[in-house]
Amino acid sequence: MSLRSNDRQWGSVAKFFHWVIALGILGNGLFGLLMDLAHSPMQKINWLALHKSIGLTVLALALLRIAWRWADRRPPDEPMPRWQRLVAQATHGVLYVLIVLLPLSGWWFNSVTGKPLQWFKQFNLPALVAKNDALRDLAHGVHEYLFWFLLLVLVAHVGGALKHHVFDNDNVLRRMLPFGRLHQRNPSEGDQP
Amino acid sequence: MKRLAILLALALPGAAAAADYTVQPAASTLGFSNTFQGESFGGQFSQWTAAIRYDPGNLAASKFDVEVTLASVKTGDNDRDTALPGADFFDVAKFPKAHFVTTGFRQSGGKVIADGTLTLRGVTKPVSLEVTFKPQAGGATLDVAGTVKRLDFGVGTGDYADTSVIGGDVKVTAHLQLAPK
């Protein structure tokens, strides 16, 4: 499997970005929703610090991913009806926007509360805006509801991928799976996984 | 006793000359700075009193005696300002005041150091402050700066003892505008 994508499947860099960001954003989203389970204020401080660090990592990876996707070639769409292609593209577009907006909204929320922003205790990042207690609840709401919206869009994304995998039996999911073997529609093409 | 004091006063001509000052609260500040998650923050106490007797030429007769009402702390963050007076930090319900009193002054590398004891949260330990005294028309300014190791005094115990989150060395500073008594 090459680093770059080819005509049949996504390259290992694209796959790495896809799955690491998927895991990071889902895990960190659930983690964020569970913050109130912390049994002491200091534990909550530490959990929040971890949540912010993971979120910043996701943001950095998302920006790198967009740059890579722009530079990388990509496999052409599998044969499918035009409406499915449009829905898939729209879903992908919204997901790209959300994986950038979700951490950014967290950064904004953090800035509004006036708290420090530190990446795994290594270095600090500046606030995006000045502290503003009046915006605190709004910023919290925006940050949280963006995650719920992301989950909603994810249902379409995962649903579509599974539909192609199970019912259409094509390579839409296989070509993004970390160790996926493609269906060889034409064995002479000899794609090397 | 009285005779001894008079003899001492005669033997050490400067001893009785160290001036007593009153602090002008409106122009004076007492506070600290520390780090939280890699970011520094400052705090100020709005209620404190200081008895200052000081003469740069007669350090032996000089004395600082400072009392701070810990509940008057403000750091610009609601969560912090709620937590600091609590049992995990200053515990103002049990220990409402901190007390610093000098035990002696010394010269060190061109600077004046005030050695003293700080009583905070029921613990008394030595603390030294660097002193900058500037006489001026109608009084003087006095700046002091030093470091207090918060864990020596049990400020921020248990989970809060983690100095990678809340710095261990708290820088204490005060700026006093003094008028002669």
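Here the structure is a predicted model, which means the values were calculated and not measured.

Colleague: Teacher, can you tell me more about the overall build of chain B here?
Modeller: Of the regular secondary structure elements, chain B holds 2 helices and 11 strands. When the helices and strands of chain B are read in sequence order from the N terminus, they spell out α-β-β-β-β-β-β-α-β-β-β-β-β. Every one of the 181 residues in chain B was classed for burial, and the buried ones make up 25%. Long-range contacts, defined here as pairs at least 24 residues apart, represent 57% of the contacts in chain B between residues at least 6 apart.

Colleague: Hey, could you run me through the overall build of chain A in this one?
Modeller: Check the secondary structure of chain A and you find 4 helices and 2 strands. For chain A, the N- to C-terminal ordering of α and β elements is α-α-α-β-β-α. Taken along the three principal axes of its C-alpha coordinates, chain A extends 65 × 35 × 30 Å. Here chain A, with 193 residues, has 20% of them falling under the buried criterion.

Colleague: Hey, could you run me through unusual backbone geometry in this one?
Modeller: Negative phi is the rule for most residues except glycine; trans is the rule for most peptide bonds. All names here are of chain A. In this structure, Phe120 takes a positive phi of about 45 degrees despite not being glycine. Considering the arrangement of structural elements, one finds Phe120 in the loop between β1 (118-119) and β2 (123-124). We note that Lys121 has phi near 60 degrees; this positive angle belongs to a residue other than glycine. Here Lys121 lies in the loop between β1 and β2.

Colleague: Is there a simple way to think about the packing of helix α2 (residues 41-71) of chain A against helix α3 (residues 82-113) of chain A in this case?
Modeller: Residue and element names in this part refer to chain A. For the pair α2 and α3, interaxial distance at closest approach is 9 Å and the crossing angle is 145 degrees. Our pair here, α2 against α3, has a crossing hand that is left-handed. Along the contact surface, α2 presents Lys52, Gly55, Leu56, Val58, Leu59, Ala62 and Ile66, while α3 presents Tyr96, Ile99, Val100, Pro103, Leu104, Gly106 and Asn110. Along the lines of polarity and charge, the residues of the contact of α2 with α3 split into 10 nonpolar, 3 polar and 1 charged.

Colleague: What is the right way to look at the nonpolar core in this model?
Modeller: Most often, soluble globular proteins keep nonpolar side chains buried together rather than apart. Counting residues in hydrophobic clusters, the biggest one holds 36 residues, and the most contacted among them are Ala50, Ile52 and Leu176 of chain B. For this core, the element with the highest residue contribution is strand β11 (residues 169-180) of chain B, accounting for 5 residues. Once residues lying within four places of it in the same chain are set aside, the contact partners of Ile52 of chain B are Tyr21, Val23, Phe64, Leu142, Leu176 and Leu178 of chain B. In terms of nonpolar packing, the next biggest core, distinct from the first, is built from 10 residues, Ile25, Ile54, Leu98 and Ile99 of chain A among them.

Colleague: I would appreciate a short explanation of the interface of chain B and chain A in the present structure.
Modeller: Much of the literature gives interface size as the accessible area that the parts lose upon coming together. Counting from both sides, the interface comprises 10 residues of chain B and, opposite them, 12 residues of chain A. In terms of residue class, the side of chain B that touches chain A is made up of 4 nonpolar, 3 polar and 3 charged.

Colleague: Would you mind going over α2 of chain A with me for this structure?
Modeller: All names here are of chain A. Spanning 31 residues, α2 covers 45 Å between terminal C-alpha atoms, matching the ideal 45 Å at 1.5 Å per step. Listed in full, the buried residues belonging to α2 are Ile45, Ala49, Lys52, Ile54, Gly55, Val58, Leu59, Ala62 and Arg65. On its buried face, α2 sits against α1 (12-33), α3 and β1.

Colleague: So what exactly am I meant to see when it comes to the pairing of strand β5 (residues 63-69) of chain B here?
Modeller: Both faces of the sheet carry side chains from a regular strand, because those side chains alternate between them. Residues and elements named next belong to chain B. Only one face of β5 is covered, namely the one carrying Phe64, Val66 and Val68; the face carrying Lys63, Asp65, Glu67 and Thr69 has none of its residues buried. Sheet topology note: the strand β4 (residues 48-54)/β5 ladder contains 6 bridges and is antiparallel. Bridge pairing in β5 links Trp48 to Val68. With 5 bridges joining them, β5 and strand β7 (residues 97-108) adopt antiparallel strand pairing. When the sheet's bridge partners are listed, Thr69 is paired in β7 with Lys97.

Colleague: Any chance you could explain the pairing of strand β3 (residues 39-45) of chain B here in plain terms?
Modeller: All names here are of chain B. Bridge analysis of strand β2 (residues 29-36) against β3 gives 7 bridges, and the strand direction is antiparallel. The residue bridging Asn34 from the neighbouring strand is Phe41, located in β3. Adjacent in sequence and paired antiparallel, β2 and β3 are bridged by 2 residues, among which Gln37 carries a positive phi angle near 50 degrees. As paired strands, β3 and strand β6 (residues 73-74) are joined by 2 bridges and run antiparallel to one another.

Rules of the game
- Residues numbered from 1 in each chain as written.
- Chains lettered and ligands numbered in written order.
- Predicted model: local features only at pLDDT ≥ 70, side-chain atom pairs only at ≥ 80, totals over all residues.
- Helix = DSSP H or I, 4+ residues; strand = E, 2+ residues; numbered from the N terminus.
- Buried ≥ 20, exposed ≤ 12 C-beta atoms within 10 Å, placed from the backbone.
- Contact = placed C-beta atoms within 7 Å.
- Axes fitted to C-alpha atoms, helices over the stretch in contact; angles between N-to-C directions.
- Left-handed = near helix turned anticlockwise from the far one by under 90°.
- Nonpolar A, V, L, I, M, F, W, Y, C, P; charged D, E, K, R; others polar.
- Core = buried A, V, L, I, M, F, W, Y, C linked by C-beta atoms within 7 Å.
- Expected span 1.5 Å × (residues − 1).
- Pairing = 2+ DSSP bridges.

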